[in-house]
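Summary of structural features
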Number of protein chains: 4
Amino acid sequence: MLFFTNDYGEGMHPIVLKALTATNMEQLPGYGTDRYCREAADKIRAAAKCPKGEVYFLAGGTQTNQIVIDTMLQPYEAVIAADTGHISVHEAGAIEYSGHKVITLPGHEGKLKTADLARYLREFGADASSDHMPQPGLVYISQPTEYGTVYTKAELEALRYTCNAYGIRLFVDGARLGYGLMCDEADMDLADVARLADAFYIGGTKAGAICGEAVVFPQGNAPKHFLTSVKQHGGLLAKGRLLGVQFSALFTDNLYFQICRHAVEMAAQIKEDLLDKGYRLYVDSPTNQIFVVWPDSALGELARVVSYSYWEKYDKKNTVIRLATSWATTQKAVDQLKKIL
Amino acid sequence: MLFFTNDYGEGMHPIVLKALTATNMEQLPGYGTDRYCREAADKIRAAAKCPKGEVYFLAGGTQTNQIVIDTMLQPYEAVIAADTGHISVHEAGAIEYSGHKVITLPGHEGKLKTADLARYLREFGADASSDHMPQPGLVYISQPTEYGTVYTKAELEALRYTCNAYGIRLFVDGARLGYGLMCDEADMDLADVARLADAFYIGGTKAGAICGEAVVFPQGNAPKHFLTSVKQHGGLLAKGRLLGVQFSALFTDNLYFQICRHAVEMAAQIKEDLLDKGYRLYVDSPTNQIFVVWPDSALGELARVVSYSYWEKYDKKNTVIRLATSWATTQKAVDQLKKIL
Amino acid sequence: MLFFTNDYGEGMHPIVLKALTATNMEQLPGYGTDRYCREAADKIRAAAKCPKGEVYFLAGGTQTNQIVIDTMLQPYEAVIAADTGHISVHEAGAIEYSGHKVITLPGHEGKLKTADLARYLREFGADASSDHMPQPGLVYISQPTEYGTVYTKAELEALRYTCNAYGIRLFVDGARLGYGLMCDEADMDLADVARLADAFYIGGTKAGAICGEAVVFPQGNAPKHFLTSVKQHGGLLAKGRLLGVQFSALFTDNLYFQICRHAVEMAAQIKEDLLDKGYRLYVDSPTNQIFVVWPDSALGELARVVSYSYWEKYDKKNTVIRLATSWATTQKAVDQLKKIL
Amino acid sequence: MLFFTNDYGEGMHPIVLKALTATNMEQLPGYGTDRYCREAADKIRAAAKCPKGEVYFLAGGTQTNQIVIDTMLQPYEAVIAADTGHISVHEAGAIEYSGHKVITLPGHEGKLKTADLARYLREFGADASSDHMPQPGLVYISQPTEYGTVYTKAELEALRYTCNAYGIRLFVDGARLGYGLMCDEADMDLADVARLADAFYIGGTKAGAICGEAVVFPQGNAPKHFLTSVKQHGGLLAKGRLLGVQFSALFTDNLYFQICRHAVEMAAQIKEDLLDKGYRLYVDSPTNQIFVVWPDSALGELARVVSYSYWEKYDKKNTVIRLATSWATTQKAVDQLKKIL
């Protein structure tokens, strides 16, 4: 069975595991105060060219979105997201649980359009009853998006400009950030993200780690008492080393970027193979997720040899499925998939 | 430097690490649906003799307390705890963040007394204004307590009886459960805990795992849609395997109990050494934490060779410090400490 | 200046004020336990033909929506509403503040369509990742809607049927319920609402009272410890009599229905006058709110003599304005408005 | 039956009712934007000598405490109160519902001692694990307290000084403020309260109004978007006039102070009568609440002619009962009570 179900099928990258093993018996202080967390933070600040940045490590994506959004917002504020955004759909109401409305604007292949955002904020400002509505305080985007597409630098700058114009902040969900930065379409690097976002995170769970997301407040603008808030939300690990060691390894010798690049290259081959065989892409994603329209009649056969994710119905006779690659995807598996196609 | 600061100084037990390494490249489904989570749950049900039990794995103690208490309570209900209970003091208001009051009763060396509980519940029931107060819905105790003491089986049965009499539930925080079950004073086993509690958890972080707590609802009485609630609280790991693999290893060949027993024996030696040398114990804990009164004048000297935890001021000239052992404490370290004493 | 801005411009209906005055010096027990609250509840149960119904009095609409929805839902559940629903737009995130997502479906002149609801629930049930999403637990509708339109009995029955089919509940926001029940289009009475909804409220603030909404759980199905929850949400008035006396007066001799009928008749005259003069209705509302398209060029002139509500831009040259009537609208004012038109 | 149960037995003071009646048919804008709310705010600013003060009107005490505390605190902060404070005991967990812990210090006849507060804050600051605890952000006191006692100006200044020293704020619950300011022991006036508190409220419900509390942020320091937060908490009345008209009347010609003075004088007479007859006071309250120890054997007889509040058991043979006076207490009733004694 070829595994293309998702990008979190294996444990951690062997180099990461090696680092965890090598440091296992060291006696370290808890709660993220150990030297590996410090090292990892230093490396991330260097990679993102934000020397003043504050870096925190959390365990998972929904947790990170919940804590960052809740601490960046005032209690009377809401977050704006694409209607296809992860926080809008697949996080079990974690944002609302923390008291904030998710205001949704239409997603365009997963992306939030500056024009939609600007219109919303302009109309909100002009609405005489806006005191009776949640106050927009933050824009949430995913880079790459849930559909594998990427914002261009110009698009991100335009969102930033609009946020500035209306005095609200910008948060980038980077659960798969590396795949977005290393794809052929990418015209920005980590430093651009750090320059343009008020906060972002670098996803580890889907890119080499067994768990862990690195939250960056690039201007040293972490919400006050952030550690206490993390604890209050149940997100503080006693053995913070688990996250520090992993991210330190990922940000040594460009490992994080290399393994993301690998995954993107594997995906590009699969995409080419699919197009060669006449399959239709649902979204033309340049990153590690491929969304392809598959005839229902052929799905059973596929499922016998390839493990994929059901995405949604395309029409009465076809289904959108997702094939995902990761650092663990082998050339051999891609070649076998080609044969099957 | 001898490390007796806490019981979470090292990573994970070598056997646990080995299991994580061995399974690292397996492609597994996410969110706790993998076979290691199932295996671990089976082993825990067997060890706790609760075949109908439902077992969930979470990452840390505060998270577990928050999620279990919040899901077991109705929103208008409060939890009762000793005033020294972990949820009352050291969890950054995580319980209140989820909307519930922690009603505190006096702790007696960390323990909640049945008499205090019964009096509180009786007076609450008789109070004409009780509709205007949070409704007590759950009793929280730690076994062993934050002071290393253990409830006897009779004490736990009495608490259970009182809970039944007033129609409320009982939750046992077992962050260090193994140490409590394996100490010389222990007169109960895991099955007794499963029989007497409506929910409890088996702490991994402080007993062999790098992270992870196993929550057990022994009567198959997990709150409805518990997985969704876990996600909503930000506690669901994509790679649930991290927890399943560790707990499966810990509950193979009695590893969990053996390593806890080891820690307790190391602590017993230290306690004996301390008493031999005329030190005064602040609390006579039979588990892996030793609370000892230390002259302030000698603390500096100690700190140069031994790493310990400051606990609280005892009087003007003395301080209570904590020495903790774990699975990783060596006989050699204990012998060296003896020499130092 | 003719006042058609809204239906809450004056204080309370003179008969209600008279009742408040007559009972002012009586010494009554607090928190809704007085005899006027009991009387009012009895009269409402009789009017709604739900002898087992439980009736509670709250102060305002947003408060009522928040408390009823929060207490009817489990914490992991969400409420479904039309995207134009009051809770979706104009309640400052009060529902999300209490932890619940508002799932929005398209409104059709303010109404939720059964077909949309059934499709949503069917697809939700079929979605393999639905555990990672807020669980739909309640449908919220307004009768009449925010656009003054009314659900027919058949429509309400269809919604009820769909709710039953998917095991979720139905809540009717009746902030203007009387106007809906007394309009010419109405084909149901209060007993029908009580029969079809799991909970509803009868709005007083917009129909004769100075404040107050009567919440009805028609099957005696009030959430457990509802009074404690009301207090916990800050909604319990010490002098509950303020609400009981008013509702008792409103439900004596059909006052509530008569004054709503009066308002509807006034609105019908205005609508006829508008249509006679060639104005275009934005929505053809049969209740006490009239939404009419007005040329921008003529708005200034209107504003000098008539007070109305701006609703939204219709197109570049026209605006939708709202004219509202109430129990306090006089025939004389309507006649004057006719002359102005 | 003589009514001494509480101070909220009647509706509103006749002058207040007259004002409500006189303005009833005026057409006014909603949500507290009407001219009576403005007038009332002006009068309160003048009475409190805080020209920059911001004044908001809410409906009840628990609602006010919840909204003010929640908006003054950051989400990771807690409020400090006496363990007998209203928010600690009788508000159904409303503070915890909004996410904040109530840290309790021992009450001394209802009062928080500066020494206790300073010690708590000093030890908190010195605690190495304080990052893992809720951050104290606000001190809550009641003036007068739940036991009818009053803080002296020196005590309030000392609390203020301590708050300043630790960078936290001070909030005064004035549900019965007028009784505290008008008692013989009082050595401060409303302007002192405004000078020393970061926020306070002037209770209407228990002093002449049928509902309503006036919140004052004396330095113009209302939390940002306070109105939106009030709406979000369900506390915004459409017909804000109900509160504005009442407070405008109460703060015209010193009515508020006069009626509170009257109640205090009635209570003083009763207290004298009780002491004359040899009854023992439980607390020597100088305000409108009298806490007296009553032999259980004589309670039944008393209950036949006097309505009082049960407070708590004093010992096996005696009970503490409360007698309360208000603006509505007549000299005749006090004389009759004297005869009964």
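Predicted model only: the values in this text are computed from it and were never measured. (Residues numbered from 1 in each chain as written. Chains lettered and ligands numbered in written order. Predicted model: local features only at pLDDT ≥ 70, side-chain atom pairs only at ≥ 80, totals over all residues. Heavy atoms only, no water.)

When helices and strands are tallied, chain A shows 14 helices and 15 strands. Counting across all 341 residues of chain A, residues that qualify as buried make up 65%. Long-range pairs, those at least 24 residues apart, make up 72% of the contacts in chain A between residues at least 6 apart in sequence. Summed over its atoms, the accessible surface of chain A is roughly 11,900 Å², and 51% of this surface lies on carbon and sulfur atoms. In chain A, 34 positive and 39 negative side-chain charges are present, and the distance between their average locations comes to 3 Å. (Helix = DSSP H or I, 4+ residues; strand = E, 2+ residues; numbered from the N terminus. Buried < 20%, exposed > 50% of the residue type's maximum accessible area, 1.4 Å probe, protein only. Contact = heavy atoms within 4.5 Å. Areas by Shrake-Rupley, 256 points an atom, 1.4 Å probe, with all protein chains shown as cover. Lys, Arg positive; Asp, Glu negative; His and termini not counted. Charge placed at Lys NZ, Arg CZ, Asp CG, Glu CD.)

Moving on: the relation of the copies chain A and chain D. Its rotation angle being 180°, the transformation that places chain A on chain D also includes 0.0 Å of axial translation and leaves an RMSD of 0.0 Å. On this basis, the relationship between the two copies can be described by a two-fold rotation axis. Of all interface residues in chain A, 100% are interface residues in chain D too; the two copies therefore contact each other through one and the same surface. (Least-squares fit on C-alpha atoms with pLDDT ≥ 70 in both.)

This brings us to the nonpolar core. A general feature of soluble globular proteins is that nonpolar side chains tend to end up buried together. Counting 139 residues, the largest nonpolar core has A:Phe200, A:Ile202, B:Phe200 and B:Ile202 as its most contacted members. If sequence neighbours within four positions are ignored, B:Ile202 has contacts with B:Ile44, B:Gly174, B:Leu177, B:Leu190, B:Glu213, B:Ala214, B:Val216, B:Phe247, B:Phe251 and B:Tyr256. If you look at the next biggest cluster of nonpolar residues, it comprises 137 residues, including C:Leu170, D:Val139, D:Val216 and D:Leu237. (Core = buried A, V, L, I, M, F, W, Y, C linked by side-chain atoms within 4.5 Å.)

The next point concerns helix H1 (residues 14-23) of chain B. Buried within H1(B) are the following residues: B:Val16, B:Leu17, B:Leu20 and B:Thr23. Down the axis of H1(B), the sector holding all buried residues measures 140°, keeping them to one side. Exposed residues lying more than 90 degrees from the buried face of H1(B) are B:Lys18 and B:Ala22. On the buried face of H1(B), the contacting elements are helix H1 (14-22) of chain A together with helix H2 (35-47), helix H11 (241-250) and helix H12 (255-276) of chain B. (Arc of directions from axis to C-beta.)

The next subject is the pairing of strand S7 (residues 135-142) of chain B. Residues and elements named next belong to chain B. When you tally the buried positions in S7, you get 8 out of 8 residues, the bulk of the element. As judged from the 4 bridges shared by strand S3 (residues 77-82) and S7, these two strands associate in the parallel manner. Within the sheet, the bridge partner assigned to glutamate 77 lies in S7 and is glutamine 135. Direction of pairing for S7 relative to strand S8 (residues 169-173): parallel, over a ladder of 5 bridges. Bridge pairing in S8 links valine 139 to leucine 170. Regarding the hand of the β-α-β motif, the stretch spanning S7, helix H7 (residues 153-166) and S8 is right-handed. (Pairing = 2+ DSSP bridges. Right-handed = clockwise from strand over helix to strand, strands pointing away.)

Of the residues lining the interface, 17 residues belong to chain A; the matching set on chain D comes to 17 residues. Between chain A and chain D, roughly 1,600 Å² of surface is buried when both sides are summed, and carbon and sulfur atoms account for 55% of that area. Of all residues in chain A, the largest losses of buried area upon contact with chain D belong to A:Tyr76, A:His132 and A:Thr228, amounting jointly to 37% of the total for that side. Where chain A touches chain D, the interface holds 0 salt bridges. At the boundary of chain A with chain D, the tally comes to 6 residue pairs in polar contact (both at pLDDT 80 or more). Here the element with the most residues in the side of chain A that touches chain D is helix H10 (residues 226-232) of chain A; it accounts for 5 residues. Of the residues contributing to the side of chain A that touches chain D, the split by class is 6 nonpolar, 8 polar and 3 charged. (Buried area = accessible area lost by both parts, 1.4 Å probe. Salt bridge = Lys/Arg side-chain N within 4 Å of Asp/Glu carboxyl O. Polar contact = N/O pair within 3.5 Å; in protein donor to acceptor, adjacent residues only side chain to side chain. Nonpolar A, V, L, I, M, F, W, Y, C, P; charged D, E, K, R; others polar.)

Bringing the sheet that holds S7(B) into the picture now. Residues and elements named next belong to chain B. Reading across the sheet, the 7 strands line up as S2-S10-S9-S8-S7-S3-S4 and stay open at both edges, with mixed pairing between neighbours. Two strands bound the open sheet, and with one partner strand each, they are strand S2 (54-58) and strand S4 (102-105). Taken pair by pair, the neighbouring strands of this sheet meet at an average axis angle of 25°, ignoring direction. Helix-sheet contacts for H7 involve S7 and S8, and the interaxial angle to S8 is about 145°. (Axes fitted to C-alpha atoms, helices over the stretch in contact; angles between N-to-C directions.)

Expressed as a screw operation, the relation of chain D to chain C combines 0.0 Å of axial shift with a rotation of 180°, fitting to an RMSD of 0.0 Å. When the interface residues of chain D are mapped onto chain C, 100% of them again lie at the interface, so the same face is used by both copies.

Listed by partner, the interface residues are 44 residues for chain D and 44 residues for chain C. Surface buried jointly by chain D and chain C totals about 4,000 Å² across both partners, of which 59% is contributed by carbon and sulfur atoms. One can count 29 residue pairs in polar contact (both at pLDDT 80 or more) joining chain D with chain C. Contributing elements (two or more residues each) for the side of chain D that touches chain C: helix H1 (14-22), helix H3 (61-72), helix H5 (94-97), helix H10 (226-232) and helix H11 (241-250) of chain D. No other element matches H3(D), which puts 4 residues into the side of chain D that touches chain C. Residues that form the side of chain D that touches chain C fall into these classes: 20 nonpolar, 17 polar and 7 charged.

Residues and elements named next belong to chain A. Taken domain by domain, chain A holds domain 1 (2-7 + 256-340) and domain 2 (14-253). Averaged C-alpha coordinates put domain 1 and domain 2 at centres separated by 27 Å. Contact with domain 1, which involves 23 residues of that partner, is made by 29 residues of domain 2. Each partner contributes to the roughly 2,100 Å² buried at the junction of domain 1 and domain 2, and carbon and sulfur atoms together form 61% of this total. Taken together, domain 1 and domain 2 are joined by 2 salt bridges. Residue arginine 261 is joined to aspartate 184 by a salt bridge in which the shortest nitrogen-to-oxygen separation is 3.0 Å. Counting across the interface, domain 1 meets domain 2 through 9 residue pairs in polar contact (both at pLDDT 80 or more). When contributions to the side of domain 1 that touches domain 2 are tallied by element, the ones reaching two or more residues are helix H12 (255-276), strand S11 (280-283), strand S12 (289-295) and strand S14 (309-313). Looking at which element gives the most residues to the side of domain 1 that touches domain 2, the answer is H12, with 8 residues. (Domains from an automatic or database assignment.)

Before going further, it helps to examine the packing of aromatic side chains. Taken as a whole and assessed by the stated rule, the structure comprises 67 aromatic pairs over all chains. Ring centres of B:Phe247 and B:Phe251 lie 6.5 Å apart, and the angle between their planes is 20°; this geometry places the pair in the stacked category. Taken as a pair, B:Phe247 and B:Phe251 share a single burial class, namely buried. Clustering of aromatic rings is evident, with ring pairs tying together A:Phe57, A:Phe247, A:Phe251, A:Tyr256 and A:Phe257. Directly above the ring of B:Tyr151 sits B:Lys111, whose terminal nitrogen or CZ lies 5.7 Å from the centroid. (Phe/Tyr/Trp six-rings, centres within 6.5 Å; stacked < 30°, edge-to-face > 60°. Lys NZ or Arg CZ within 6 Å of the ring centre and 35° of its normal.)

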